Amino acid sequence: MQRSIFEDVQVAGTGAEVGAEVTSASRWFALYTTCRHEKRIAQHLSQREIEHYLPLYQADRKWRDGSRVTLDLPLFPGYIFVRIQRSQRVSVLSVPGALTVVGGTGGEPAPLPDGAIEALRTGLMQHRIEPHPLLRVGQLARIRSGAFAGMEGVVVRKKSGFRVVLTLEQIMQSVAVELDEEDVEPLTGERSSSSCLLEIGHRLCVQGS
């Protein structure tokens, strides 16, 4: 439904990633993990020199004693992205806390496009991003500029501001990206020009907040 989506982290969050030599056959996959153990699992992947990407975002929390802290939390709770060859699947699943490599039709592991991971990384460096409830309905719109330029989605207007809600349908989770209103244009009566993301299972929603 859009052109590119997702890549590395810092800004409203930070990212964890380990580079390992990979061949041209290596692809990005979503690894489903034990909830609340994503960082520890990422450490195990690092020790085994398995290339991975754990997007993090910063969230303010208030403890019962009134003190406030800023925490780095997984952008997609329960998931880490790994760049592996299909033959490395068994090695990845031997990591404590790694449950399964997300699959597509027929139960085979479903690779993510490199452009999706790269767009996520770039977007996280340019915008504030946080988890967001899954969105499905609203007016079609296209992002006009920035790391997510050309991506299309659904607009839901609220009281003030704008956010872009990116949905990774393979893991059924969304994240919200702060955006200026002038960076979004409506697609009234226009057919989506970038349907390729439908084929890889990604959707983009734009929300006014």
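Reading guide: rules and limits
Residues numbered from 1 in each chain as written. Predicted model: local features only at pLDDT ≥ 70, side-chain atom pairs only at ≥ 80, totals over all residues. Heavy atoms only, no water. Helix = DSSP H or I, 4+ residues; strand = E, 2+ residues; numbered from the N terminus. Buried < 20%, exposed > 50% of the residue type's maximum accessible area, 1.4 Å probe, protein only. Contact = heavy atoms within 4.5 Å. Areas by Shrake-Rupley, 256 points an atom, 1.4 Å probe, with all protein chains shown as cover. Core = buried A, V, L, I, M, F, W, Y, C linked by side-chain atoms within 4.5 Å. Polar contact = N/O pair within 3.5 Å; in protein donor to acceptor, adjacent residues only side chain to side chain. Phe/Tyr/Trp six-rings, centres within 6.5 Å; stacked < 30°, edge-to-face > 60°. Arc of directions from axis to C-beta. Salt bridge = Lys/Arg side-chain N within 4 Å of Asp/Glu carboxyl O. Pairing = 2+ DSSP bridges.

**Student:** Help me out: how do you make sense of the overall build of the protein in this one?
**Tutor:** When its secondary structure is counted, the protein shows four helices and 13 strands. Expressed as a percentage of the 209 residues in the protein, the buried residues total 46%. Within the protein, residue pairs in contact and separated by at least 24 positions form 76% of the contacts whose partners lie at least 6 positions apart. Looking at the protein as shown, the accessible area adds up to about 10,500 Å², and 47% of this sits on carbon and sulfur atoms.

**Student:** Explanation requested: the nonpolar core in the structure shown.
**Tutor:** Nonpolar side chains tend toward joint burial in soluble globular proteins. With 26 residues, the main nonpolar core has Leu75, Phe76 and Phe81 as its most contacted residues. Among the elements of the structure, strand S2 (27-33), strand S3 (52-62), strand S5 (79-84), helix H3 (114-126), strand S8 (139-143) and strand S11 (173-179) are those that each provide at least two residues to this core. For leucine 75, the residues in contact, after removing those within four places along its chain, are Pro55, Leu56, Tyr57, Leu120, Leu124, Ile129, Glu130, Pro131, Gln173 and Val175.

**Student:** How do you make sense of unusual backbone geometry when you look at a structure like this?
**Tutor:** Glycine aside, residues mostly have negative phi angles, and peptide bonds mostly take the trans form. Even without glycine at this site, arginine 36 takes up a positive phi of about 70°. Looking at where arginine 36 falls in the secondary structure, it is placed in the loop between S2 and helix H1 (38-47). Taking relative accessible area as the criterion, arginine 36 reaches 77% and is therefore assigned exposed. Unusually for a residue other than glycine, methionine 172 sits at a positive phi of about 55°. Relative to the helices and strands, methionine 172 resides in the loop between strand S10 (162-168) and S11. With relative accessibility at 43%, the residue methionine 172 sits in the partly exposed group.

**Student:** Quick question: what am I supposed to make of the side chain of histidine 52 here?
**Tutor:** The residue histidine 52 is located in strand S3 in this model. A polar contact is formed between the side chain of histidine 52 and the backbone oxygen of alanine 42, at a distance of 3.4 Å. A distance of 2.9 Å separates the side chain of histidine 52 from the backbone oxygen of isoleucine 50, its partner in a polar contact.

**Student:** What should I look at first to understand the packing of aromatic side chains in this one?
**Tutor:** The relative placement of two aromatic rings is captured by the distance of their centres and the angle of their planes. Under the counting rule described, the total for this entry stands at three aromatic pairs. Ring geometry for tyrosine 53 versus phenylalanine 81: centroids 6.4 Å apart, planes at 25°, classification stacked. With tyrosine 53 in strand S3 and phenylalanine 81 in strand S5, this pair connects stretches of sequence that are 28 residues apart. Across this residue pair, the class does not change: tyrosine 53 and phenylalanine 81 are buried. Relative to phenylalanine 81, the ring of phenylalanine 76 lies with its centre 5.8 Å away and its plane at 80°, an arrangement referred to as edge-to-face. Both residues of the pair, phenylalanine 76 and phenylalanine 81, count as buried. Aromatic ring contacts, followed pair by pair, group Tyr53, Phe76 and Phe81 into a single cluster.

**Student:** What exactly am I supposed to notice about H1 here?
**Tutor:** Each full turn of the α-helix corresponds to 3.6 residues, which orients residues three or four apart in the same direction. The set of residues buried in H1 consists of Glu38, Ile41, Ala42 and Leu45. Projected down its long axis, H1 shows its buried positions confined to an angular sector of 105°, all on one face. Structural note: H1 exposes Arg40, Gln43 and Gln47 on the side pointing more than 90 degrees away from its buried face. Of the surrounding elements, those touching the buried residues of H1 are S2, S3, strand S4 (68-74), S5 and strand S6 (98-101). One or two steps after H1, the chain reaches glutamate 49, where phi turns positive at roughly 55°.

**Student:** Any chance you could explain the pattern of salt bridges here in plain terms?
**Tutor:** Where charged atoms from two side chains of opposite charge approach closely, those side chains can pair. Counted by the stated rule, this structure contains three salt bridges. Measuring nitrogen to oxygen at the nearest pair gives 3.9 Å for the salt bridge that ties arginine 83 to glutamate 51. One end of the pair, arginine 83, is in strand S5; the other, glutamate 51, is in the loop between H1 and S3, and 32 residues separate them in sequence. Exposure remark for arginine 83: the relative accessible area of 15% places this residue in the buried category. We classify glutamate 51 as buried; its relative accessible area is 12%.

**Student:** Sorry, what's going on with the pairing of S2 here?
**Tutor:** Put simply, side chains in a regular strand alternate between the two faces of the sheet. Burial within S2 is extensive, with five of its seven residues counted as buried. Inspection of the sheet shows S2 paired to S5 by six bridges, in the antiparallel sense. Bridging from a neighbouring strand, leucine 31 pairs with isoleucine 80 of S5. Relative to S6, S2 runs antiparallel, the two sharing three bridges. Paired with leucine 31 across the two strands is valine 101, which belongs to S6.

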